[in-house]
Amino acid sequence: MSAESKPPDRDYLVPEAEVELRVKALEALVVEKGLVSTDALDRISAHYEDEVGPRDGARVIARAWVDPAFKERLLADATAACEELGIKGLRGEHLRAVEDTPEVHNVVVCTLCSCYPWAVLGLPPSWYKSPEYRAKVVLEPRRTLADDFGFPVPEEVTVRVWDSNSELRYFVIPQHPEGTEHMSEAELAELVTREAMIGVGPVTAT
Ligand code: FE
């Protein structure tokens, strides 16, 4: 079977039970050692899943769409621009926003581990941490987006892959979707998904 006809391997998109078990084992260990309480762990994870989530990032994108001056500041210094909206904290330092255009589509990965802009996007999805995604999106970004995420990027659009690390955490400013001129900033934010800000999914005007 040639590489061309090889079926896509999407297994990494499914959360791994083994990883979850390992996390539980580690959690039990640190709690047992008295290093941290289960309450504290629950509060941290609830905060990043429910309160921070990707909603803060969506607010940033919507603001950038409606306020060109803000977008300029966001592109120049994302950490400072996010602080303007009251967004800062864990893994919020060293943020960098990269902008999609009709010519360029951006996608984010951390090839080394799982560096991710928690402050704006919340907890990383499990597939973001998988060795499969980290390897595939670098080697074959176009095919990974099309086959694994059902998100084909037109041939004439350049795909640019950004490798996050602990010093620099990227997120994507997707293109402002057409036909949304009547929408408020809050309504626009509702359109912005976590996947769109990683660069593996579209923003769809509903
Ligand atoms: Fe990393």
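Worth saying up front: this structure is predicted, and the values here are computed from it rather than measured.

(A) Just the overall build of the chain, in detail. Within the chain, the regular secondary structure consists of 10 helices and 4 strands. Relative to its full complement of 206 residues, the chain shows a buried share of 39%. For the chain, contacts bridging at least 24 residues in sequence account for 70% of all contacts bridging at least 6.

(B) Region of interest: the coordination of the iron ion. Taken together, Cys110 (SG), Cys113 (SG), Cys115 (N) and Cys115 (SG) make up the full set of protein donors to the iron ion, lying 2.1 to 2.6 Å away. In this structure, the iron ion is surrounded by 4 donor atoms whose angles at the metal cover 80 to 133°, and the resulting shape is irregular. With relative accessibility at 10%, the residue Cys115 sits in the buried group.

(C) The arrangement of helix H3 (residues 55–66) in detail. Between its terminal C-alpha atoms H3 stretches 17 Å, which fits the 16 Å expected from 12 residues at 1.5 Å a residue. Taken together, the buried positions of H3 are occupied by Asp56, Gly57, Ala58, Val60, Ile61, Ala62, Ala64 and Trp65.

(D) Summary view of the environment of Ala58. Residue position: Ala58 is located in helix H3. The spatial distance from the C-alpha of Ala58 to the C-alpha of Ala186 is 9.2 Å, given a sequence separation of 128 residues. Not counting chain neighbours up to four residues away, the residues in contact with Ala58 comprise Ala189, Val192 and Met197.

(E) The packing of helix H7 (residues 131–139) against helix H8 (residues 141–149), seen in detail. With their axes 5 Å apart at the nearest point, H7 and H8 run at an angle of 125° to one another. In terms of orientation, H7 and H8 fall into the oblique class. Residues Tyr133, Lys136, Val137, Val138 and Leu139 of H7 pack against Pro141, Thr144, Asp148 and Phe149 of H8. The residue makeup of the contact of H7 with H8, split by class, is 6 nonpolar, 1 polar and 2 charged.

(F) Local environment of the pattern of salt bridges. Throughout the structure, instances matching the rule amount to 7 salt bridges. When the shortest N-O distance is used, the salt bridge between Arg73 and Glu84 registers 2.7 Å. Here Arg73 is found in helix H4 (residues 68–76), whereas its partner Glu84 is found in helix H5 (residues 78–84), with 11 residues between them in sequence. Residue Arg73 is classed as partly exposed on the basis of its relative accessible area of 38%.

(G) View of the packing of H3 against H4. Between H3 and H4, the least distance of the axes is 5 Å, while the angle of their chain directions is 125°. Regarding the angle of H3 to H4, the classification is oblique. Crossing of H3 against H4: the hand is left-handed. Of H4, the residues touching H3 (which contributes Val60, Arg63, Ala64 and Val66) are Pro68, Phe70, Lys71 and Leu74.

(H) Examining the packing of aromatic side chains more closely. Overall, the coordinates contain 7 aromatic pairs when judged by the stated rule. On the numbers, 6.0 Å between centres and 80° between planes, the contact of Tyr133 with Phe149 is edge-to-face. Taken together, the residues span a long stretch of sequence, with Tyr133 in helix H7 and Phe149 in helix H8 at a distance of 16 residues. On the accessibility criterion, Tyr133 (0% relative accessible area) is buried. The buried category is assigned to Phe149, whose relative accessible area is 18%. The cationic tip of Arg63 hangs over the ring face of Phe70; the distance from NZ or CZ to the ring centre is 6.0 Å.

Analysis parameters
Per-chain numbering applies: the sequence of each chain, read as written, is numbered from 1 onward. In view of the model being predicted, local features appear only for residues whose pLDDT reaches at least 70, and side-chain atom pairs are presented and counted only at 80 or more, with totals across whole chains, interfaces and linings using the full set of residues. Water and hydrogen atoms were dropped before computing side-chain values, which therefore reflect all heavy atoms in the structure. Here a helix means four or more residues in a row that DSSP labels H or I, a strand means two or more in a row labelled E, and each is numbered from the N terminus. Exposure is judged per residue with a 1.4 Å probe applied to protein chains only, and the accessible area is read against the type maximum: over 50% gives exposed, under 20% gives buried, and values in between give partly exposed. In what follows, a contact means two residues having at least one pair of non-hydrogen atoms within 4.5 Å. Counted as donors are N, O and S atoms no farther than 2.8 Å from the metal, or 3.2 Å for Na, K and Ca; water is not among the atoms, and sites may therefore look incomplete. In these descriptions, tetrahedral denotes four donors with every angle between 85 and 135 degrees, square planar four donors and octahedral six donors with opposite donors over 155 degrees apart and the rest between 65 and 115, and irregular any other case. Expected helix span is computed as 1.5 Å times (number of residues minus one). Note on geometry: axes are C-alpha line fits, over the in-contact stretch for helices, and angles between N-to-C directions span 0 to 180 degrees. Note that the term roughly parallel is reserved for angles under 35 degrees, roughly antiparallel for angles over 145, roughly perpendicular for angles of 65 to 115, and oblique for everything else. Classification used: nonpolar for Ala, Val, Leu, Ile, Met, Phe, Trp, Tyr, Cys and Pro, charged for Asp, Glu, Lys and Arg, polar for all others including Gly. One speaks of a salt bridge when a side-chain nitrogen belonging to Lys or Arg is within 4 Å of a carboxyl oxygen belonging to Asp or Glu. Crossing handedness follows the turn of the near helix against the far one: under a right angle anticlockwise gives a left-handed crossing, and clockwise gives a right-handed one. Pairing of aromatic rings covers Phe, Tyr and Trp, the last counted by its six-membered ring, and requires centre-to-centre distances within 6.5 Å; plane angles under 30 degrees mean stacked, over 60 mean edge-to-face, and any other angle means tilted. In our convention, an over-ring charge means Lys NZ or Arg CZ found within 6 Å of a ring centre and within 35 degrees of that ring's normal.

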